[in-house]
Amino acid sequence: MTFEAVKRPVFAPWKDPDAIPLIRFEGVTKKFGEFVAIENLSLSIYEREFFALLGPSGCGKTTLMRMLAGFETPTTGIITLDGRDIIGVPPNKRPVNMMFQSYALFPHLTVAENIAFGLKRSDMPKDQIAARVDEMLALVQLSKFGGRKPHQISGGQRQRVALARALAKAPKLLLLDEPLAALDRKLREETQFELMDIQEKLGTTFVIVTHDQEEAMTVASRVAVMNHGELVQVETPERIYEHPANRYVADFIGDVNLIEGTISASEGETCQISWAEGQPLLNATPSELLAVGASCCLAIRPEKVSISSEEPTDAANAVAGRVLDIGYLGNISTYHVQLSNGKVIKAQVANHRRLARRAFTWEDPVWVSFTATAGVVLTE
Amino acid sequence: MNFRRLFLIAVPYSWLLLLFLVPFGIVLKISLSDPALAIPPYVPKFELAQGWAGIKAMFAAFDLENFVYLTEDNLYWKAYISSVQIALLSMVLTLLVGYPIAYGMANASEEWRPTLMMLVILPFWSSFLIRVYAWIGILGQNGYLNQLLQALGIIDEPLVILNTPIAVYIGIVYTYLPFMVLPIYATLEKLDGDLLEAAEDLGCSRIKAFWLITVPLSRPGVIAGCFLVFIPVVGEFVIPSLLGGSRTLMIGKILWDEFFSNRDWPLASAVAVILLLILIIPIVLFQRQQQRQQEAER
Ligand SMILES: Nc1ncnc2c1ncn2[C@@H]1O[C@H](COP(=O)(O)OP(=O)(O)O)[C@@H](O)[C@H]1O
Ligand SMILES: [Mg+2]
């Protein structure tokens, strides 16, 4: 996850109070009859961003996107694009293009005609259209396929045609609704990087919808985690992963150990959490001063939990247990360690060695340990 | 080839042989014969009793006299041309009426569609003849239509519709409408709504998206509907004779007159053979189109 930060070290317009957002949602609510699909949502998206909307199925991601494209009108609230109110502007008059989840390629037109479709509706001269189509075909590496019909190419190629078609008019904003959902895993991962390359090359603002958290983390400059039509957290992938705002985000993004407890001592930067009878207090560093007695939840990623056969001497937190289960994932293994009170803690270990020489096996007594800063104290 | 396949192929082919090729062979034979005052009214007859010699004698008596006659009397080719013209025009009219109906049905809400479909098919539940007779009652000088228009004060004199080509077109469009609506509806219903949104997203107005996406994608349905109307209408006999009066010239009517008024079976058979030859072209085209569409859908 850290290469994101290396890649775009200075690109953070959301931190700049003077930056003018490309898109602004202000108190947007969308109801379908009585059903509230989007509730009082405010959000700014900046130029050149690769913005991901992440959330479970049915949380309103598509609805949000369709409001940007102009296919849905908010029940209340304002949406501006480039400072201009766009509510009521029909889809064909917006400098926004959308790549559909179903790709929606026109089956009666060739690949090249599909890409040219939007250009022909603009006032671009004919010879320039042909050049632009060639350029787009080259961009998505489909130069040889311009003459084929959509049913004569593979799923991955169709996905790229849909992308090229949506990009051909050089929109200010490109909307991608689950663009990779129909691809198999390997192709999907390759395509994620292709998408990032293309986005960087063109500098177009991308808003991508996905329910795949890895995809969102990989491609996006910022991720908006949604639930039930509301934004739960909008931050960079690193922040979302390392500093989830609440249990929902921590649980939704990646794997996590959630330990419920209460603050038993709190001084300066650190606090102690009592969480189970007969277990040692846990040391943690909350982001704000917490009152003693407040209930909280310590969220620790499995890769930040170490596992050892001897009791570690220098660890801030260490608890004893037994290996319950081992999940072998090739590059890493996940150990499920059951503590004496029944709680299961997940610890992830990189497999530097071959499997036969694994240090622990089922039923082995082990210690799991983590530093005071490894976990995040959540109070919501 | 295994027996199962052979059997499966044998069924439709024997059906075709029995109900199409054998009757056609008989009609072809009669068309080569000469009229006679006898029962049946033509010679030579097919007499198995005389054996091989009889068959030889029969073939020797065949000639193309009737076909030559068809080219000499211009009534016949005029009737053919007029039939094809009427069929083409009614095909276009049926399309113009049927497409909006199919479009409306396909865009109606899910729960209404079965009902609308029912309404389109409903007329088939009563006899075709009765429905055409009903149009006589509607279109006649003192029919309901004229009564209504006069009562509304739109016209003073009753309109003459019955026994004109207009009545024939009304009758044909009415009768054949379901054959146009259903195939078009089938293609429109399958149309992916995302395609229209994509077209709009790429800069089309709604109307433009209709012309650029909906129309071309519904073409297979339109073509099927057109053939399903055109082919039977060319040979249509009941509607022109009941609604069209003596002024509407159609080959189906001529056929009827030759068979039953003139009792000239050989000439009538020749008319039928030529009619079939005229229709073979669109039928073959239709089959090709159906085949191509099936391949495209695979
Ligand atoms: N046109 C509509 N009419 C009624 N309900 C809708 C409509 N579109 C979406 N919804 C509802 O709004 C909710 C959010 O839908 P959607 O935005 O498609 O979710 P997502 O894309 O996150 O899976 C869903 O519960 C869905 O049933
Ligand atoms: Mg969706």
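Note that this is a predicted model, so its numbers are computed, not measured. All residue numbers here refer to positions counted from 1 along the written sequence of the relevant chain. A letter from A marks each chain and a number from 1 marks each ligand, given out in the order of writing. Residues qualify for local features only when their pLDDT is at least 70, as the model is predicted, and side-chain atom pairs are given and counted only at 80 or more; totals for whole chains, interfaces and linings, by contrast, use all residues. Calculation of side-chain values draws on the structure's entire complement of heavy atoms; hydrogens and water are dropped beforehand.

### A look at the environment of B:Ile283
All names here are of chain B.
Working step 1: The helix and strand labels rest on DSSP assignments: H or I over at least four residues marks a helix, E over at least two residues marks a strand, and numbering proceeds from the N terminus. Note that Ile-283 resides in helix H14 (residues 265-297).
Working step 2: Three labels apply to residues, based on accessible area from a 1.4 Å probe with only protein chains included: buried if under 20% of the type maximum, exposed if over 50%, partly exposed otherwise in between. Judged by its relative accessible area of 31%, Ile-283 falls in the partly exposed class.
Working step 3: Sequence-wise, Ile-283 and Leu-228 are 55 residues apart; in three dimensions their C-alpha atoms are separated by 9.4 Å.

### Structural notes on the sheet that holds strand S10 (residues 230-235) of chain A
Across a sheet, strands are paired by hydrogen bonds formed along the backbone, either parallel or antiparallel in direction.
Residue and element names in this part refer to chain A.
Working step 1: Strands pair, by our definition, only if DSSP identifies at least two bridges between them. Spatially, six strands are ordered S6-S7-S8-S3-S9-S10 in an open sheet, and the strand pairing comes out mixed. A single partner strand is all that each edge strand has here, and the edge strands are strand S6 (96-99) and S10. When the angles between neighbouring strand axes are averaged without regard to direction, this sheet yields 20°.
Working step 2: Note that strand S9 (residues 222-227) and S10 share five bridges and pair antiparallel. Looking across to S10, one finds that Val-223 is bridged to Glu-235.
Working step 3: Whether two residues are in contact is decided by their heavy atoms, any of which lying within 4.5 Å being enough. Orientation is described by lines fitted to C-alpha atoms, with helices fitted over the stretch in contact, and by angles between N-to-C directions that extend from 0 to 180 degrees. Seen against the sheet, helix H5 (residues 155-167) touches S6, strand S7 (173-177) and strand S8 (205-210) and runs at an angle of roughly 175° to S6.

### Some remarks on the pairing of strand S12 (residues 270-274) of chain A
All names here are of chain A.
Working step 1: Of the two faces of S12, the one holding Cys-271 and Ile-273 is buried and the one holding Thr-270, Gln-272 and Ser-274 is not buried anywhere.
Working step 2: When strand S11 (residues 257-267) meets S12, the two strands line up antiparallel, connected through five bridges. In the sheet register, Thr-262 faces S12, and the bridge partner there is Ser-274.
Working step 3: Connecting S11 to the next strand, S12, in antiparallel fashion are two residues, including Gly-268 with a positive phi near 55°.
Working step 4: As paired elements, S12 and strand S13 (residues 282-284) share three bridges and run antiparallel to each other. Bridge pairing in S13 places Ile-273 opposite Leu-282.

### Brief notes about the environment of A:Asn351
Residue and element names in this part refer to chain A.
Working step 1: Along the polypeptide, Asn-351 turns up in the loop between strand S18 (344-350) and strand S19 (365-370).
Working step 2: For the pair Asn-351 and His-151, spaced 200 residues apart in sequence, the C-alpha separation works out to 44 Å.
Working step 3: For Asn-351, the residues in contact, after removing those within four places along its chain, are Tyr-328, Gly-330, Asn-331, Ile-332 and Ser-333.
Working step 4: Think of a polar contact as two N or O atoms within 3.5 Å of one another; within protein, one of them needs to be a possible hydrogen donor and the other a possible acceptor, and neighboring residues in sequence only count if both atoms come from side chains. One polar contact links the side chain of Asn-351 to the main-chain carbonyl oxygen of Ile-332, over a distance of 3.3 Å.
Working step 5: Within the structure, Asn-351 has its side chain in polar contact with the side chain of Ser-333 (distance 3.0 Å).

### Here's the deal with the domain arrangement of chain A
Residues and elements named next belong to chain A.
Working step 1: Segment limits for the domains were obtained from an automatic or database-derived domain assignment. Partitioning chain A into domains gives domain 1 (13-248) and domain 2 (255-378).
Working step 2: Inter-centroid distance (C-alpha atoms) of domain 1 to domain 2 is 39 Å.
Working step 3: The interface of domain 1 with domain 2 comprises eight residues on the first partner and eight residues on the second.
Working step 4: Both sides together, the interface formed by domain 1 and domain 2 hides about 700 Å², and carbon and sulfur atoms give 50% of it.
Working step 5: We count a salt bridge whenever a side-chain nitrogen from Lys or Arg sits within 4 Å of a carboxyl oxygen from Asp or Glu. There are two salt bridges connecting domain 1 and domain 2.
Working step 6: Note that Glu-260 and Arg-247 form a salt bridge whose closest N and O atoms lie 3.0 Å from each other.
Working step 7: At the junction of domain 1 and domain 2, the tally comes to four residue pairs in polar contact (both at pLDDT 80 or more).
Working step 8: A total of three residues in the side of domain 1 that touches domain 2 trace back to one element, the largest contributor, which is helix H8 (residues 237-242). By buried area we mean the combined loss of accessible area, with a 1.4 Å probe, across both parts when two parts are placed together.

### Let's talk about the site of ligand 1
Residues and elements named next belong to chain A.
Working step 1: Whether a residue is near a molecule or strand depends on its heavy atoms: if one lies within 4 Å, it is near. Ligand 1 sits among Phe-32, Phe-35, Ala-37, Pro-56, Ser-57, Gly-58, Cys-59, Gly-60, Lys-61, Thr-62 and Thr-63.
Working step 2: Gly-58 is positioned such that a nitrogen or oxygen atom in its backbone is 2.6 Å from an oxygen atom of ligand 1.
Working step 3: For ligand 1, an oxygen atom lies 2.5 Å from a polar atom in the side chain of Thr-63.
Working step 4: For the shell around ligand 1, the leading source of residues is helix H2 (residues 61-69), giving three residues.
Working step 5: Residues are grouped as follows: Ala, Val, Leu, Ile, Met, Phe, Trp, Tyr, Cys and Pro are nonpolar; Asp, Glu, Lys and Arg are charged; all remaining types, including Gly, are polar. Taken together, the residues that form the shell around ligand 1 break down as five nonpolar, five polar and one charged.

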